[in-house]
Amino acid sequence: MHTQPATDSSKPQAPPLLGHYINGDYRLGNGRRGPVYEPASGATSAELLYAGESEVAAALDAAATAFPEWAAQPPPRRAQVLFRYRELLLRERDALAALITREHGKTLDDARGELQRGIEVVEFACGIPHLLKGEFSDSVSSGIDSWSLRQPLGICVGITPFNFPAMVPLWMFPIAISCGNSFVLKPSEKDPSCPLRLAELLTEAGLPAGVFNVLNGDRQAVDALLAEPRVAAVSFVGSTVVAEQVYAEAGKRGKRVQALGGAKNHLAVMPDADIAAAADALMGAAYGSAGERCMSVSVALAVGTSAEPLVAALAERARTLRSGPGARPGTQMGPLVTAAHRARVLSYIEAGLAEGAHLVVDGRDARVPGHKGGFFLGACLFDQVSPTMRIYREEIFGPVLCVLRVADLDAAIALINRHEYGNAASLFTRSGAAARHFTRAVHVGMLGINVPIPVPMAFHSFGGWKRSLFGPLHVHGTDGVRFYTHLKTVSARWPETGGPAGPDFSLPA
Ligand code: NAD
């Protein structure tokens, strides 16, 4: 059994070379390559080979060959592989979390949490025999019964972002393969080691070779996958600009597609809320994973008189937040994923200052002793942000929380509903009436009441509205099963003495 991705042993001093996982084994290929960083030190931890035409063809050939036999397996037998996979993920939990932390930068606890959310999707997919049960109607007409079944689509593709190298792929492939599809995953080129290991563990769980393949690379691999007629469905998660392109391109080629994009999640705090509890909740939601979560809260809407105590409580907490390497016990916030991303977040802080927002806590000079080259940025807190500012309108994806002061709950709701993104929103209040009004009026896909990050469990579905999701179906839960299957409805008659008497040229009235 491989315990490490394949390496080029002829260069012992060089960073390891990572490739792809195709047809049940590692494959290097000899195409373009790019660095994988260790954000806590800034060092290059590996070189990643980017898939070109031949690797894309090999992955698709493997998936196409494996599909018919896998699709023909009874769902309970497919579920057995997932039961074993769950055990292996639990066995390997700490090692997988360490891979995530090394290449992403988030804390080990957070990495374990992401893995746990992914394992819950595997657990959901273990119930696939039940989830694929069709509907049956006895006697829809004289002697005719009607029933439905769900059948796999063929080759499904997942294209995933850097910020959840385990959880987001796990949103997709356990359900896709349990439904009888084969799968090609194109993970982020920034943190490929965990997805490769997830593939290897599927082989160990007994998944036939070729049912699940990992193709590393960049846009070139994505374009080749989208252009491929054998690909039946595409699940994308990433930034909105790319999500929209993938949605249009895959849709144009007749593929089924769901494309989840960026976010700007608001958390509104009513004057009647427990302000200390709201500030604590905001800290984790805004600065956890250095703000690199699609469910991060990047906007606090301070309603009425909550503003002064809320900003004071946030500032006090942000100033003492512990930045450091994700693997160090006690670290609350790790580095950003790359130096380029750090520079992008810094440019937003400059933009906020230039547009007149008040930078109450400035984390730009945060230093982590012993980690001079790391991509660290301390917590930043802006007050007096207005809806026209870029730091409010655009997704920053870093440890930057913007406070907007609003007069009342309806002003908060109006702001949320005017924003181009509609991923998630939360309200902190002690009023049931306010909570009910907010719940019904707000245009987002995921909503929290006194819950800062309202991530749906695996047996519900995850997705936003507006420019946070292109396509009608959310990921995992029953929407996932719908997405990865064709629905077929059968009308059956078994006449004892031949068919109806003569042809009938009209619909039955
Ligand atoms: P990204 O859009 O840069 O990359 C996502 C994937 O697309 C990667 O696999 C990447 O290799 C590929 N890609 C990048 N540019 C491409 C292009 N031009 N054409 C084709 N493929 C391309 O996103 P990211 O920086 O990795 O992740 C952060 C983004 O993902 C944020 O916007 C975040 O909000 C979003 N996200 C959304 C959700 C959600 O559920 N809505 C979840 C996680 C992350």
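Residues numbered from 1 in each chain as written. Predicted model: local features only at pLDDT ≥ 70, side-chain atom pairs only at ≥ 80, totals over all residues. Heavy atoms only, no water.

**Description of the packing of aromatic side chains**
Here is the rule: The pairing test for Phe, Tyr and Trp rings, Trp by its six-membered ring, is centres within 6.5 Å, and the orientation test on the planes gives stacked under 30 degrees, edge-to-face over 60, and tilted for anything in between. Helix and strand definitions here come from DSSP, where helices need a minimum of 4 consecutive H or I residues and strands a minimum of 2 consecutive E residues; each element is numbered from the N-terminal end. Under the scheme applied here, a residue whose accessible area is under 20% of the maximum for its type counts as buried, over 50% as exposed, and between as partly exposed, the area being computed with a 1.4 Å probe on protein chains only.
A full pass over the atoms with the stated rule returns 10 aromatic pairs. Ring geometry for Phe183 and Phe212: centres 5.9 Å apart, planes at 25 degrees, overall stacked. Remark: Phe212 occurs in strand E10 (residues 212–214) and Phe183 occurs in strand E9 (residues 182–186); sequence separation between them is 29 residues. Classification of Phe183 as buried rests on a relative accessible area of 0%. Given the relative accessible area of 3%, Phe212 is considered buried. For the pair Tyr247 and Phe470, a centre-to-centre distance of 6.0 Å together with 35 degrees between the ring planes defines the contact as tilted. Taken together, the positions of Tyr247 in helix H9 (residues 240–252) and Phe470 in strand E22 (residues 469–470) put the pair 223 residues apart, joining distant regions of the chain. A relative accessible area of 31% means that Tyr247 is categorised as partly exposed.

**Observations regarding helix H14 (residues 409–418)**
The line we're drawing: Throughout, the arc means the angular range of directions from the helix axis out to the C-beta atoms.
The set of residues buried in H14 consists of Leu409, Ala412, Ile413, Leu415 and Ile416. Taken down its axis, H14 places every buried residue within 160 degrees of arc, on the same side.

**Let's talk about the side chain of Ser426**
We count it as follows: Distance and chemistry together define a polar contact, namely a pair of N or O atoms within 3.5 Å, with one atom able to donate a hydrogen and the other to accept it when in protein, and with adjacent residues in sequence counting only for side-chain atoms on both sides. Should any heavy atoms of two residues lie within 4.5 Å, those residues are considered in contact.
If you trace the backbone, Ser426 turns up in strand E19 (residues 424–428). On the accessibility criterion, Ser426 (1% relative accessible area) is buried. A polar atom in the side chain of Ser426 sits 3.2 Å from the backbone oxygen of Pro452. Residue contacts for Ser426: discarding those within four places in its chain leaves His266, Leu267, Ala268, Phe438, Gly448, Val451, Pro452 and Pro454.

**Quick notes on helix H10 (residues 275–287)**
What counts here: One less than the number of residues in a helix, times 1.5 Å, gives the span that helix is expected to have.
Taking 1.5 Å of rise per residue, the 13 residues of H10 would be expected to cover 18 Å, and the 18 Å separating its terminal C-alpha atoms lies within 8% of that figure. When H10 is considered as a whole, its buried residues turn out to be Ile275, Ala278, Ala279, Ala281, Leu282, Met283, Ala285, Ala286 and Tyr287. Elements in contact with the buried residues of H10: strand E13 (265–269), strand E14 (297–303), helix H11 (307–319), strand E16 (380–383), strand E17 (400–406) and E19. The opening residue of H10, the one whose side-chain oxygen lies 3.2 Å from the backbone nitrogen of Ala276, is Asp274.

**Some remarks on the site of the ligand**
Rules: Each residue is tested against the molecule or strand, and it is near if at least one of its non-hydrogen atoms lies within 4 Å. Each accessible area is a Shrake-Rupley result for a 1.4 Å probe, and residues are judged covered by the shown protein chains and nothing else. As a working rule, the residues Ala, Val, Leu, Ile, Met, Phe, Trp, Tyr, Cys and Pro are called nonpolar, Asp, Glu, Lys and Arg charged, and the rest polar, with Gly in that last group. The domain boundaries here were taken from an automatic or database domain assignment.
Residues in contact with the ligand amount to 26 residues; listed here are only the nearest, Lys186, Glu189, Ser239, Gly261 and Glu395. Thr160 is positioned such that a nitrogen or oxygen atom in its backbone is 2.8 Å from an oxygen atom of the ligand. In the environment of the ligand, an oxygen atom lies 2.7 Å from a nitrogen or oxygen atom belonging to the side chain of Lys186. In the complex, the protein chains occlude 89% of the 830 Å² of accessible area that the ligand would expose alone. Counting only elements with at least two residues in the shell around the ligand, the list comes to helix H8 (219–227), strand E11 (231–237) and H9. Of the residues in the shell around the ligand, the class split is 13 nonpolar, nine polar and four charged. Two domains each provide a minimum of three residues to the shell around the ligand, namely domain 1 (17–261 + 468–489) and domain 2 (265–449).

**Some details on the domain arrangement of the protein**
We apply this condition: Once two parts are joined, some of their accessible surface, as seen by a 1.4 Å probe, is lost; buried area is that loss totalled over both. The term salt bridge refers to a side-chain nitrogen of Lys or Arg lying within 4 Å of a carboxyl oxygen of Asp or Glu.
On domain assignment, one finds that the protein holds domain 1 (17–261 + 468–489) and domain 2 (265–449). Distance from the C-alpha centre of domain 1 to the C-alpha centre of domain 2: 31 Å. Tallying the contact residues gives 19 residues for domain 1 and 24 residues for domain 2. Both faces considered, domain 1 and domain 2 share a buried interface measuring about 1800 Å² in area, 63% of it formed by carbon and sulfur atoms. Between Arg293 and Asp110 there is a salt bridge, with its nearest N and O atoms 2.9 Å apart. Elements with a minimum of two residues in the side of domain 1 that touches domain 2: helix H3 (93–104) and helix H4 (108–125). Partitioning the side of domain 1 that touches domain 2 into residue classes produces six nonpolar, nine polar and four charged.

**A few points about the packing of H3 against H4**
Put simply, the rule is: Where helices are involved, their axes are fitted lines through C-alpha atoms of the stretch in contact, as for all axes, and angles between N-to-C directions lie from 0 to 180°. For a crossing to be left-handed, the near helix must be turned anticlockwise from the far one by less than a right angle; the clockwise case is right-handed.
The N-to-C vectors of H3 and H4 enclose an angle of 115 degrees; their axes lie 8 Å apart at closest approach. Note that H3 runs across H4; the crossing there is right-handed. Here H3 contributes Arg93, Asp94, Leu96, Ala97, Ala98, Ile100 and Thr101 to the contact with H4, which in turn contributes Leu108, Ala111, Arg112, Glu114, Leu115 and Gln116. Grouping the amino acids of the contact of H3 with H4 by side-chain chemistry returns seven nonpolar, two polar and four charged.

**A few points about the side chain of Asp191**
Short version of the rule: Neither His nor the chain ends is counted toward charge; the positive residues are Lys and Arg and the negative residues Asp and Glu.
With respect to the helices, strands and loops of the structure, Asp191 is situated in the loop between E9 and helix H7 (193–204). In this structure Asp191 is buried but unpaired, with Lys106 as the nearest side chain of opposite charge at 7.0 Å. Once you skip the residues sitting within four places of it in the chain, Asp191 turns out to touch Glu103, His104, Phe162 and Pro165.

**Some remarks on unusual backbone geometry**
Phi at Ser289 takes a positive value of approximately 55 degrees, unusual for a residue other than glycine. By the element assignment, Ser289 lies in the loop between H10 and E14. Among the residues examined, Ser289 registers a relative accessible area of 5% and is labelled buried. Not every positive phi belongs to a glycine, and His476 is a case in point at roughly 45 degrees. Here His476 shows up in the loop between E22 and helix H16 (477–483).

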